[in-house]
Amino acid sequence: MNVSLLSIRSLFRPFHSLSRRGFVSFLVLGLLVAIALASCTSGGIGSKPEVKLNLVSFSVTKAAHDQIIPKFVEKWQKERNQKVIFERSYGGSLAQADDVLAGKQEADVVHLALPLDVTRIADAGLIHRGWEERVPRRGVVSQSVAAIVTRAGNPKNIQSWADLAREDVTVLSADPKTSGIAIWQLLALWGSVTQTGGEPAQALDFVRQVYEKIPTLARDAREASNAFFQEGKGDVLVTYENEVILEGRNQPDISYFVPSVNISIDNPVAVVDRNVDKHGTREVAEAFVDFLYSEPAQQEFAKLGYRSVNPFITIATEAKLPPVETLFSSQDLGGWPLISNEFLAKGAIFDQIRGNSPN
């Protein structure tokens with residue numbers, strides 16, 4: 001809104017008989033009103049030359065965000081004439097969620113490895129209930145499956161999940177108490193038994209055999225990958241398929257396979273309502289989340305080995321990825337409330353398994 005000096009003067013014509021002090025007071029009030037009107041019509045946050053957005057994510061998404069964020073920044077600058085400065089943090093998904101809950105990281109947007117992590121933040125009141133209904137795909141913005149990585153040439157001839165329980169095979173793993181991939185691995189091992197006709201007791205015995213031989217649990221997927229690839233530890237690494245594809249760019253002779261019985265690894269995104277309202281960043285935060293579902297962003301995910309949530313991109317890329325014959329989800333294992341209570345809670349299945357471990 002254009003507010004001219006003439007129009008401001010016209011507002012005060014009825015007050016020509018006021019004292020000088022009274023007239024000045026009305027003049028100041030009028031100027032404040034004019035400034036407020038101009039501010040309202042300029043789009044609030046959009047009137048600032050730049051805005052900061054705090055993104056908290058799990059470790060392996062950094063490569064994708066490195067490609068996606070500049071595209072969003074360019075788009076926002078072009079459309080809103082405003083520079084977006086991203087402050088980013090990466091680490092184990094559970095640990096990242098804990099930091100958000102504790103206020104150590106005031107995330108505007110979280111992109112985490114597990115719907116469970118976002119649900120925990122929502123349960124604490126930082127994210128509005130029904131967050132998964134506010135965006136496509138119930139909040140899932142990136143997807144992958146589990147891959148089993150072996151030493152070059154697969155010298156121990158590992159062919160399936162069952163081989164990971166062999167006495168001569170040492171598996172490297174992150175800790176399900178801090179890492180998203182570690183939970184997905186735990187669920188994949190369990191489901192490889194129960195989703196192919198096995199009983200829970202058989203699954204428990206199998207998973208225990210695998211974890212009893214794991215020397216030290218890494219903090220997150222990146223740390224486990226570094227121990228395997230750079231330090232030469234272990235015979236097997238279970239990780240995200242996209243992580244293996246990314247690592248393969250540096251190690252062309254990498255040996256891995258995608259088990260035909262596998263779990264759908266679903267990574268959610270959400271706006272942290274309490275923080276965006278505090279920071280005044282809701283508009284740009286929601287726009288960024290929307291952009292993550294867009295074709296340009298999903299193409300970048302696909303280039304890095306993710307299984308896109310955009311059906312059009314999936315059709316174009318699925319032939320390049322190994323097929324999965326039996327793909328099960330967290331819902332097939334009872335859903336996240338049950339998984340949290342029966343697998344991850346204090347004294348639950350994972351604690352029982354590690355309690356029986358010599359480590």
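Anything mentioned here points back to the structure above.
Figured I'd write up the structure that's included with this text. Since the structure is predicted, the reported quantities are computational estimates derived from the model, not experimental observations.

## Quick word on the packing of aromatic side chains
- Inspection of every chain in the model, using the stated rule, returns eleven aromatic pairs.
- Seen from their ring centres, tryptophan 190 and phenylalanine 343 are 4.9 Å apart, and the 85° between their planes marks the pair as edge-to-face. Taken together, the residues span a long stretch of sequence, with tryptophan 190 in helix 6 (residues 180-194) and phenylalanine 343 in helix 14 (residues 336-344) at a distance of 153 residues.
- Each residue in the set Phe72, Trp76, Phe86, Phe288 and Phe291 is aromatic and connected to the rest through ring pairs, giving one cluster.
- Geometry around phenylalanine 228 places arginine 151 over its ring, the cationic atom sitting 3.8 Å from the centre.

## Focus: the sheet that holds strand 8 (residues 236-240)
- Taken together, the five strands give an open sheet; going across it, the order is 7-6-8-5-9, and neighbouring strands pair in mixed fashion. Each having just a single partner strand, strand 7 (217-218) and strand 9 (255-257) make up the two edges of the open sheet.
- Strand contacts of helix 8 (residues 221-229): strand 5 (146-150), strand 6 (171-174), strand 7 and strand 8, with the helix running at about 145° to strand 8, the strand carrying the most contacts.

## Comments concerning helix 11 (residues 282-292)
- When helix 11 is considered as a whole, its buried residues turn out to be Val284, Ala285, Phe288, Val289, Phe291 and Leu292. Buried residues of helix 11, viewed axially, fall in a sector of 160°; they line one side.

## Regarding the pairing of strand 4 (residues 140-144)
- With five of its five residues buried, strand 4 lies for the most part within the structure.
- In this sheet, strand 11 (residues 265-271) lies alongside strand 4 in antiparallel orientation, the contact comprising four bridges. The partner of serine 144 across the bridge, within strand 11, is isoleucine 265.

Conventions adopted
Residue indices follow the written sequence of each chain, beginning from 1 at its first position. Residues qualify for local features only when their pLDDT is at least 70, as the model is predicted, and side-chain atom pairs are given and counted only at 80 or more; totals for whole chains, interfaces and linings, by contrast, use all residues. Excluded from the side-chain calculation are hydrogens and water; included are all heavy atoms of the structure. Between rings of Phe, Tyr and Trp, where Trp is taken as its six-membered ring, a pair exists when centres lie within 6.5 Å; planes separated by under 30 degrees are stacked, by over 60 edge-to-face, and by other angles tilted. Secondary structure elements are defined from DSSP: runs of H or I of at least 4 residues count as helices, runs of E of at least 2 residues count as strands, and each element is numbered from the N terminus. Each ring is checked for a lysine NZ or an arginine CZ that lies within 6 Å of its centre and within 35 degrees of its normal; such an atom marks a charge sitting over the ring. For two strands to pair, DSSP has to find at least two bridges joining them. Should any heavy atoms of two residues lie within 4.5 Å, those residues are counted as being in contact. Simply put, an axis is a line fit to the C-alpha atoms, just over the touching stretch for a helix, and the angle between two N-to-C directions goes from 0 to 180 degrees. Throughout this description, buried means an accessible area under 20% of the type-specific maximum (1.4 Å probe, protein chains only), exposed means over 50%, and partly exposed covers the range between. Taken from the helix axis, the directions to the C-beta atoms give the arc we talk about.

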